[in-house]
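Each chain, written out:
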Number of protein chains: 2
Amino acid sequence: MSKKRCEIICVGTELLLGEILNINAQFLARGLSQLGLDLYIQTVVGDNEARLKKAIYDAMNRAEILLFTGGLGPTRDDLTKEAVAECFQTELYLDQDALNEIKAFYALTKRVMPHNNEKQALMPRKGQMLKNPHGTAPGCVMWDDKGHTAFLMPGPPREMMPMFDHEVVPRLKAYSDSALFSSVVRVASLGESRMAEMLQDLMDKGQNPTLAPYAKDGESSIRLTARAKTKEEAEALIKPVIAQIRQRLGKAVYGVDVKNLESVIADQLTEKQMSLCVLEAGTGGLAAKRLQETDRAEDIFRLGLSANTIEGLYKALGEGNLPEDPTQACRELAALAQKRFQTPCALVINQYGSSYACAALLNDKTAERAGAFPLRGREYYSLQAAQNALDALRLLLEED
Amino acid sequence: MSKKRCEIICVGTELLLGEILNINAQFLARGLSQLGLDLYIQTVVGDNEARLKKAIYDAMNRAEILLFTGGLGPTRDDLTKEAVAECFQTELYLDQDALNEIKAFYALTKRVMPHNNEKQALMPRKGQMLKNPHGTAPGCVMWDDKGHTAFLMPGPPREMMPMFDHEVVPRLKAYSDSALFSSVVRVASLGESRMAEMLQDLMDKGQNPTLAPYAKDGESSIRLTARAKTKEEAEALIKPVIAQIRQRLGKAVYGVDVKNLESVIADQLTEKQMSLCVLEAGTGGLAAKRLQETDRAEDIFRLGLSANTIEGLYKALGEGNLPEDPTQACRELAALAQKRFQTPCALVINQYGSSYACAALLNDKTAERAGAFPLRGREYYSLQAAQNALDALRLLLEED
């Protein structure tokens, strides 16, 4: 089948009032892009029948495949299915299977289905139901006689995203003859612009794969995206470029297609069968929280302590006075914690003013970092201090 | 001047590829809503001249005021200004003031302006420059002879948002004869649907103010929005409805137009000149993190401890065996921590499996909660356990 043009139409007055952020549009756009399908327009329209139908007709003039989110609820405000059915000239009927699914969802949550919800079981004659295991609103796919296909999905991202992945993507694959495959190189403790500078020529000449730098939550990454018929073909295109990036950035690269820095650390610790404790001043316990959210937390995380100041931490351990040098203070506290909590590994972070110091202790080896941040506010300082400390620990574990 | 219809057009292929989240659209939509201006359609279009011009002509057929983001950069891909000028039938000329602003921005960051950037100093004959102190791309406003106005703003939110607030909003005010004012009633430990049920009749009849329920991060809230000429007039409309909501929901309401639950607690503790320690099992130290992020953290937060299990916390304090009953264990640990860390207030949370228990201790008064969650995953459990514990503490402080 030849390549089709897609459009996304998000329906909901709450989007036009700016009450919610339209994360659905990005999710669907990325999904289409990964399938190698063309998307030229996204539209947001409110719960108004005339304007919605106008938007649908406009989109039908430009594209063959329409993806809708929102407007599948049980109330009179929810118009998407009715409007698309009218534009596609197909009839809606009460589908017994859909009705049973909705009733089953209510039974599961021990409630009785309100009469209103029957409307959600209306399905198009020229179409199919799309299952929604996460809510009461099933989706549907509709066809018309002129080659248009519409996918109607619910508005809540928690319901829409799995429906797209499991019900829509398999159907969309028929329309695509190639797909995009991505790998992400994760980089710690190197700013996005510095990283981009070091990779500028690779980025400039990168066509397949393309290279796109990102910065998020205190770290940088670079996404390589290849267009190919198979995953293997894409990997063969991506692999040599990753090798070049690794050569340029060296140890700043902490992983490729890994979840995050803390998961890499948790895996390293698990492999060594080691546990750690984390003591933090000024970061709100951020590094400990990140480590406790890894899948390995039960194996590797012993204890986290957090206070406003490093003196507060020291006092909690019941000892005398700390050295004045911030890095030395972190080192002493790490040694103390290692002994007190009997963990081979201890990480201490002190974020104060717009500066930080940290020390990672692994048996008898130490890594330290300290520095000052540009004036950006507490959230940024916490993020950067935790990120630097975790990265220092990651390198210490790598070298071990 | 009479009320005008607005449209938002976000320009950028990166949006169509799903590479970035369109937070600009929400920001602008909310801004227009607060100004009481009507927005019926938002469009996202890529960096393609023909499709962009088509989108502009379509929008000019539907609306009088067009807001654009993106496509003001120095490269050939950046087409917004050129396209709008063509659709609006106005000429672009090299504006010396704009050029000087751009050169000054480069001087500030100690760089020389590349020749490309001259393009950014092109300004419309029928229009004005909009200043951008945060980047190289000035914005502009354009008019045509048929009553259309276009505001062109850069794509990066960091540049766009202040430009909208400082340059666009003052100009838009001329088009609006009323504005929206909102108050938010914050509710802890009461689900959104249960809350909505208790307020259904108020929500149904609510026209001015309208009532909209929300659920976020484990708590519910209700936004009251009044349309009025002045803030005072709006407050007079909103106040009696808030009183009714308070009467219905009772102590579940923890504040109106307050930042969050932890800030309310921090204020209560500050008023009583008390500090607290927080011990958490299974939540990743979430409650402590929330309290440490308040403005009062330095005054009220003494120490946070977090571990995977409550036994891990108990062991860190170096004592014997905990009681088997989860709530009793929390209570004992709270008493122990109160003594050890010398804080009048101690909060202990134990999140395990899909259940939780917690105890708040304030001098010699205790509040406890325990319960089980529907099966939703770790992040949800942590959120709910921390929220319930903080709410128990909030009520204890209120009663004190």
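Cut-offs applied
Counting from 1, residues in each chain are numbered in the order their sequence is written. Chain A is the first chain written and ligand 1 is the first ligand written, with later ones labelled in order. Given that this is a predicted model, residues contribute local features only at a pLDDT of at least 70 and side-chain atom pairs are listed and counted only at 80 or more, while totals for whole chains, interfaces and linings are drawn from all residues. Going along the chain from the N terminus, every DSSP run of H or I of four or more residues is numbered as a helix, and every run of E of two or more is numbered as a strand. Any residue with 12 or fewer other C-beta atoms within 10 Å of its own C-beta is exposed, any with 20 or more is buried, and the rest are partly exposed; the C-beta atoms used are placed from the backbone. This entry defines residue contacts through backbone-placed C-beta atoms, with two residues in contact when those atoms are within 7 Å. Any residue that is not Ala, Val, Leu, Ile, Met, Phe, Trp, Tyr, Cys, Pro, Asp, Glu, Lys or Arg is counted as polar, Gly included; the first ten are nonpolar and the last four charged. Strands qualify as paired when DSSP identifies two bridges or more between them. pLDDT: the predictor's confidence for each residue, scored from 0 to 100. A fitted line through C-alpha atoms serves as each axis, taken over the contacting stretch for helices, and the angle formed by two N-to-C directions is quoted from 0 to 180°. The sense of a crossing depends on the near helix, which, turned anticlockwise from the far helix by less than a right angle, makes the crossing left-handed and, turned clockwise, makes it right-handed. These domain limits were set by an automatic method or by a database of domain assignments. The least-squares superposition of copies is restricted to C-alpha atoms, and to residues with a pLDDT of at least 70 in both copies. Here, expected helix span is obtained from the residue count minus one, scaled by 1.5 Å. The bend at a residue is defined as the angle formed between two axes, one fitted to the seven residues ending at that residue and one fitted to the seven starting there. Should an angle fall under 35 degrees it is called roughly parallel, over 145 degrees roughly antiparallel, and 65 to 115 degrees roughly perpendicular, with every other angle called oblique. To be clear, the arc concerns the directions from the helix axis to the C-beta atoms.

Points about the overall build of chain A
Okay, so step 1: Across its full length, chain A holds 15 helices and 17 strands.
Okay, so step 2: Dimensions of chain A along its principal axes, counting C-alpha atoms only, are 80 × 55 × 40 Å.
Okay, so step 3: Every one of the 400 residues in chain A was classed for burial, and the buried ones make up 47%.
Okay, so step 4: Within chain A, residue pairs in contact and separated by at least 24 positions form 66% of the contacts whose partners lie at least 6 positions apart.

Notes on the environment of Glu293 of chain B
Residues and elements named next belong to chain B.
Okay, so step 1: Tracing the backbone shows Glu293 in the loop between helix 11 (286–292) and helix 12 (297–300).
Okay, so step 2: Classification of Glu293 by C-beta neighbours within 10 Å gives partly exposed; the count is 18.
Okay, so step 3: Along the sequence, Glu293 and Ser263 sit 30 residues apart, while their C-alpha atoms lie 8.7 Å from each other.

As for the interface of chain A and chain B
Okay, so step 1: Across the contact, 44 residues belong to chain A and 44 residues belong to chain B.
Okay, so step 2: For the side of chain A that touches chain B, the elements supplying multiple residues, two or more each, are helix 1 (13–16), helix 2 (23–34), strand 2 (38–45), helix 11 (286–292), helix 12 (297–300), strand 14 (301–307) and helix 13 (310–316) of chain A.
Okay, so step 3: Its residues placed into classes, the side of chain A that touches chain B shows 23 nonpolar, 14 polar and seven charged.
Okay, so step 4: Relative to strand 2 (residues 38–45) of chain B, strand 2 of chain A is paired through five bridges, and the arrangement is antiparallel. Note on strand 2 of chain B: the bridge partner recorded for Thr43 of chain A is Thr43 of chain B.

Overview of the confidence of the model for chain A
Okay, so step 1: Per-chain confidence: chain A averages 91 in pLDDT, with 99% of residues scoring 70 or above.
Okay, so step 2: Overall fold confidence for the complex sits at a pTM of 0.77, while the interface term, ipTM, reaches 0.75.

Examining the sheet that holds strand 3 (residues 65–69) of chain A
Okay, so step 1: The sheet built from twelve strands is open, its strands ordered 6(A)-7(A)-8(A)-3(A)-1(A)-2(A)-2(B)-1(B)-3(B)-8(B)-7(B)-6(B) with mixed pairing. Each having just a single partner strand, strand 6 (127–130) of chain A together with strand 6 (127–130) of chain B make up the two edges of the open sheet. Averaged over neighbouring strand pairs, the angle between their axes works out to 15° when direction is ignored.
Okay, so step 2: As judged from the four bridges shared by strand 6 of chain A and strand 7 (residues 139–143) of chain A, these two strands associate in the antiparallel manner. Residue Met129 of chain A lies in a different strand from strand 7 of chain A, and its bridge partner there is Cys140 of chain A.
Okay, so step 3: Of the strands in this sheet, strand 2 of chain A together with strand 1 (5–11), strand 2 and strand 3 (65–69) of chain B touch helix 3 (residues 49–62) of chain B, which is tilted by about 170° from strand 1 of chain B.

Quick notes on the pairing of strand 11 (residues 219–228) of chain A
Residue and element names in this part refer to chain A.
Okay, so step 1: Of all ten residues in strand 11, seven are buried, a share of seventy percent or more.
Okay, so step 2: Looking at chain direction, strand 9 (residues 179–187) and strand 11 are connected through nine bridges and run antiparallel. Paired with Leu180 across the two strands is Arg227, which belongs to strand 11.
Okay, so step 3: Looking at chain direction, strand 10 (residues 210–216) and strand 11 are connected through seven bridges and run antiparallel. Of the residues in strand 11, the one forming a bridge with Thr210 is Thr225.

Some thoughts on the packing of helix 10 (residues 261–271) of chain A against helix 15 (residues 378–399) of chain A
Residue and element names in this part refer to chain A.
Okay, so step 1: In the contact formed by helix 10 and helix 15, the axes pass within 10 Å of each other and the chain directions differ by 35°. Where helix 10 crosses over helix 15, the handedness of that crossing is left-handed. Taking contact as the criterion, the partners of Leu261, Glu262, Val264, Ile265, Gln268 and Leu269 in helix 10 are, on helix 15, Leu390, Asp391, Leu393, Arg394 and Leu397.
Okay, so step 2: Classifying every residue of the contact of helix 10 with helix 15 gives seven nonpolar, one polar and three charged.

Comments concerning the domain arrangement of chain A
Okay, so step 1: Each assigned domain of chain A is listed with its residue range as follows: domain 1 (5–175), domain 2 (179–256) and domain 3 (261–399).
Okay, so step 2: One C-alpha centre belongs to domain 1 of chain A, the other to domain 2 of chain A; they are set 35 Å apart.

Some remarks on the relation of the copies chain A and chain B
Okay, so step 1: In the superposition of chain A on chain B (RMSD 1.3 Å, axial shift 1.0 Å), the rotation amounts to 179°. Both copies of the chain, as the preceding transformation shows, are related through a two-fold rotation axis. Distance from the rotation axis, computed per C-alpha, reaches its smallest value in chain A at Leu305 of chain A: 1.8 Å.
Okay, so step 2: Most of the interface of chain A is mirrored in chain B, where 100% of its interface residues are also at the interface.

Overview of the sheet that holds strand 10 of chain A
Residue and element names in this part refer to chain A.
Okay, so step 1: Strands sit in the order 10-11-9-12 across an open sheet of four strands; the sheet is antiparallel. Looking at the sheet topology across the chains shown, the edges are occupied by strand 10 and strand 12 (253–256). On average, adjacent strands in this sheet sit at an angle of 25° to one another, irrespective of strand direction.

Considering the environment of Ala252 of chain B
Residues and elements named next belong to chain B.
Okay, so step 1: One can find Ala252 in the loop between helix 9 (231–249) and strand 12 (253–256).
Okay, so step 2: Taking the C-alpha atoms as reference, Ala252 lies 45 Å from Leu152; in sequence the two are 100 residues apart.
Okay, so step 3: Dropping the residues within four chain positions of it, Ala252 is found in contact with Val187, Ala188, Ser189 and Leu190.

What to know about helix 6 (residues 157–172) of chain B
Three- or four-residue spacings in an α-helix give side chains the same orientation, since the helix completes a turn every 3.6 residues.
Residue and element names in this part refer to chain B.
Okay, so step 1: The end-to-end C-alpha distance of helix 6, which contains 16 residues, comes to just 19 Å, noticeably less than the 22 Å that a straight helix rising 1.5 Å per residue would cover.
Okay, so step 2: In the structure, helix 6 departs most strongly from a straight axis at Phe164, where the bend amounts to approximately 40°.
Okay, so step 3: The secondary structure elements touched by the buried residues of helix 6 are helix 2 (23–34), strand 3, strand 6, strand 7 (139–143) and strand 8 (149–153).

Notes on the environment of Gln207 of chain A
Okay, so step 1: Its location among the elements puts Gln207 of chain A in the loop between helix 8 (200–205) and strand 10.
Okay, so step 2: On a C-alpha basis, the gap between Gln207 of chain A and Ser178 of chain A in space is 15 Å, while along the polypeptide they are 29 residues apart.

A few points about the packing of helix 3 of chain B against helix 4 (residues 80–87) of chain B
A pair of packed helices can be characterised by two numbers: the angle between their axes and the separation between those axes.
Residues and elements named next belong to chain B.
Okay, so step 1: For the pair helix 3 and helix 4, the least separation of the axes is 10 Å and the interaxial angle reads 50°. The angle between helix 3 and helix 4 falls in the class oblique. Here the hand of the crossing between helix 3 and helix 4 comes out right-handed. Of the residues in helix 4, those touching helix 3 at Glu49, Leu52, Lys53, Ile56, Tyr57 and Met60 are Ala83, Val84, Glu86 and Cys87.
Okay, so step 2: Split by residue class, the contact of helix 3 with helix 4 holds seven nonpolar, no polar and three charged.

Some remarks on helix 5 (residues 96–108) of chain A
All names here are of chain A.
Okay, so step 1: With 13 residues, helix 5 extends 18 Å between its outermost C-alpha atoms, agreeing within 8% with the 18 Å of an ideal straight helix rising 1.5 Å per residue.
Okay, so step 2: Restricting attention to buried positions, one finds in helix 5 the residues Ala98, Ile102 and Phe105. The buried residues of helix 5 occupy an angular sector of 55° when projected down its axis, which confines them to one face. Projecting away from the buried face of helix 5 at angles above 90 degrees are the exposed residues Gln96, Asp97, Asn100, Ala104, Ala107 and Leu108.
Okay, so step 3: Buried positions along helix 5 lie against strand 5 (122–124) and strand 6.

A few points about unusual backbone geometry
Residues and elements named next belong to chain A.
Okay, so step 1: Following Asn208, the chain continues into Pro209 via a peptide bond in cis, with omega recorded as 10°.
Okay, so step 2: Along the chain, Pro209 turns up in the loop between helix 8 and strand 10.
Okay, so step 3: Non-glycine residue Gln342 carries a positive phi angle of around 55°.
Okay, so step 4: By secondary structure assignment, the location of Gln342 is in the loop between helix 14 (326–340) and strand 15 (345–352).

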